[in-house]
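Chain and residue survey
This is what each chain is made of:
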Amino acid sequence: MLRVNSREWAAFGSRRGARDGGGLGPGDLQKGTSHMSFEELLELQSQVGTKTYKQLVTGNSTKKQSSRPPVQKACVADKHRPLEMSAKARVPFLRQVVPISKKVARDPRFDDLSGEYNPEVFDKTYQFLNDIRAREKDLVKKQLKKRRSGEEREKLQQLLQQMEQQEMAQQERKRQQELHLALKQEQRAQAQQGHRPYFLKKSEQRQLVLAEKFKELKRSKKLESFLSRKRRRNAGKDRRHLPLSKE
């Protein structure tokens, strides 16, 4: 029986690898090592390394094969059919069984599709609402005269007060718009005359609004009642900041 020396086998492998463009295969090494003695095998192992020696002698691939079976992807025959989940995997608490189209709410106040908000154009477009509010206010007043006492009368009084407050707020907003429009016209006139336009600060605009409100209250003879309410409100604020008296 022909015995192969480990050095000759290693030299043969290097020559064959250089000729064929690669090393010895697992089958060739198994055939060659079957005739080698234990001492020659140890010498070959010390030359090529323990890990490479075990892989080539046993014929195993260098890639690790996973022991887990391949996971089959869940397939759905019908798109409206519930998805079949594996019993081995934990099913989540919240999962989508049937796809549902989500309704997206659109707020026209903050959406670009509705265009930019222009208060002047808005008031002109919805000017008919003022007539409807006036008719509703007259109707509430008539019903309030019929109710002498009771819970319905209190509700009607609250509704009438709410309508009056909304009307006052609308008038105040309209006065501010007229004031801003007058300022713009004045700045435009100064620019046409060749002067450099002066843009008022927000604090200066608030002072102009307060001055206009003061003139309006003085014309309507409601200035004293407004100032008395203002004094009482300021006195209540100051009273909260005072230290508590010790008995």
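Small disclaimer: the values here were computed from a predicted structure and weren't measured.

**A closer look at the pattern of salt bridges**
Taken as a whole and judged by the stated rule, the model has 6 salt bridges. Of the charged contacts, one joins E152 and R147 as a salt bridge, the two residues approaching to 2.8 Å between their closest N and O atoms. The class of E152 is partly exposed, set by a relative accessible area of 48%. For R147, a relative accessible area of 33% puts it in the partly exposed group. In this structure, the salt-bridge partner of K155 is E151, at a minimum N-O distance of 3.9 Å. Pair noted here: K155 and E151 are both in helix 7 (residues 151-192), with a separation of 4 residues, about one helical turn. An identical accessibility class is assigned to K155 and E151; each is exposed.

**Remarks on the confidence of the model for the chain**
Mean pLDDT for the chain: 76, with 77% of residues reaching 70 or above. Looking over the chain, one finds the lowest element-wise mean pLDDT in helix 1 (residues 6-20), namely 48, and the highest in helix 6 (residues 128-146), namely 91. Note on residues 14-23: pLDDT under 50 across the span, and 6 contacts to partners over four residues away in sequence or across chains.

**Some points on the packing of aromatic side chains**
Counted under the stated rule, the structure contains 3 aromatic pairs. For the pair F122 and Y126, a centre-to-centre distance of 4.8 Å together with 45° between the ring planes defines the contact as tilted. Relative accessible area serves as the criterion here: at 38%, Y126 is assigned to the partly exposed category.

**What to know about helix 3 (residues 38-48)**
Owing to its 3.6 residues per turn, the α-helix brings residues three or four apart onto one side. Here helix 3 has its buried residues at E40, L41 and L44. Axial view of helix 3: buried residues confined to an arc of 100°, hence all on one face. Across from the buried face of helix 3, at angles greater than 90 degrees, the exposed residues are F38, E39 and S46. At the exit of helix 3 stands G49, carrying a positive phi of roughly 105°.

**Quick look at the nonpolar core**
Core analysis: the largest hydrophobic core is formed by 5 residues, namely V140, L144, L156, L160 and M163. If you list the elements that add at least two residues to this core, you get helix 6 and helix 7. Per-element accounting of this core gives the leading share, 3 residues, to helix 7. The residues touching V140, leaving out its near neighbours within four places in the chain, are L156, L159, L160 and M163.

**With respect to the packing of helix 7 against helix 8 (residues 202-219)**
At their nearest, the axes of helix 7 and helix 8 sit 11 Å apart, and the two run at 120° to each other. By the angle between their axes, helix 7 is oblique relative to helix 8. Seen along the crossing, helix 7 lies across helix 8 with a hand that is right-handed. Contacts between helix 7 and helix 8 involve E172, R175, Q176, L179, H180 and L183 from the former and Q205, L208, V209 and E216 from the latter. Residues of the contact of helix 7 with helix 8, tallied by class, amount to 4 nonpolar, 3 polar and 3 charged.

**So, a nonpolar patch on the surface**
Among the surface-exposed residues, Y117, F122, Y126, F128 and I132 lie close enough to one another that they form a single nonpolar patch of about 520 Å² accessible area. Position of Y126 among the secondary structure elements: in the loop between helix 5 (119-125) and helix 6.

**As for unusual backbone geometry**
The residue K221 is not glycine, and still its phi comes out positive at about 60°. Assignment of secondary structure puts K221 in the loop between helix 8 and helix 9 (223-241).

**Re the packing of helix 6 against helix 7**
For the pair helix 6 and helix 7, interaxial distance at closest approach is 10 Å and the crossing angle is 150°. It follows that helix 6 is roughly antiparallel to helix 7 by the angle criterion. Here helix 6 and helix 7 pass one another in a crossing that is left-handed. Packed against helix 6, whose contacting residues are N130, R133, E136, K137, V140, K141, Q143 and L144, the element helix 7 presents R153, L156, Q157, L159, L160, M163, E164, E167 and Q170 at the interface. Residues of the contact of helix 6 with helix 7, tallied by class, amount to 6 nonpolar, 4 polar and 7 charged.

The rules we used
- Residues numbered from 1 in each chain as written.
- Predicted model: local features only at pLDDT ≥ 70, side-chain atom pairs only at ≥ 80, totals over all residues.
- Heavy atoms only, no water.
- Salt bridge = Lys/Arg side-chain N within 4 Å of Asp/Glu carboxyl O.
- Buried < 20%, exposed > 50% of the residue type's maximum accessible area, 1.4 Å probe, protein only.
- Helix = DSSP H or I, 4+ residues; strand = E, 2+ residues; numbered from the N terminus.
- pLDDT = per-residue confidence, 0-100.
- Contact = heavy atoms within 4.5 Å.
- Phe/Tyr/Trp six-rings, centres within 6.5 Å; stacked < 30°, edge-to-face > 60°.
- Arc of directions from axis to C-beta.
- Core = buried A, V, L, I, M, F, W, Y, C linked by side-chain atoms within 4.5 Å.
- Axes fitted to C-alpha atoms, helices over the stretch in contact; angles between N-to-C directions.
- Parallel < 35°, antiparallel > 145°, perpendicular 65-115°, else oblique.
- Left-handed = near helix turned anticlockwise from the far one by under 90°.
- Nonpolar A, V, L, I, M, F, W, Y, C, P; charged D, E, K, R; others polar.
- Patch = residues over 30% accessible without salt bridge, like charges linked within 9 Å, V, L, I, M, F, W, Y side chains within 5 Å.
- Areas by Shrake-Rupley, 256 points an atom, 1.4 Å probe, with all protein chains shown as cover.

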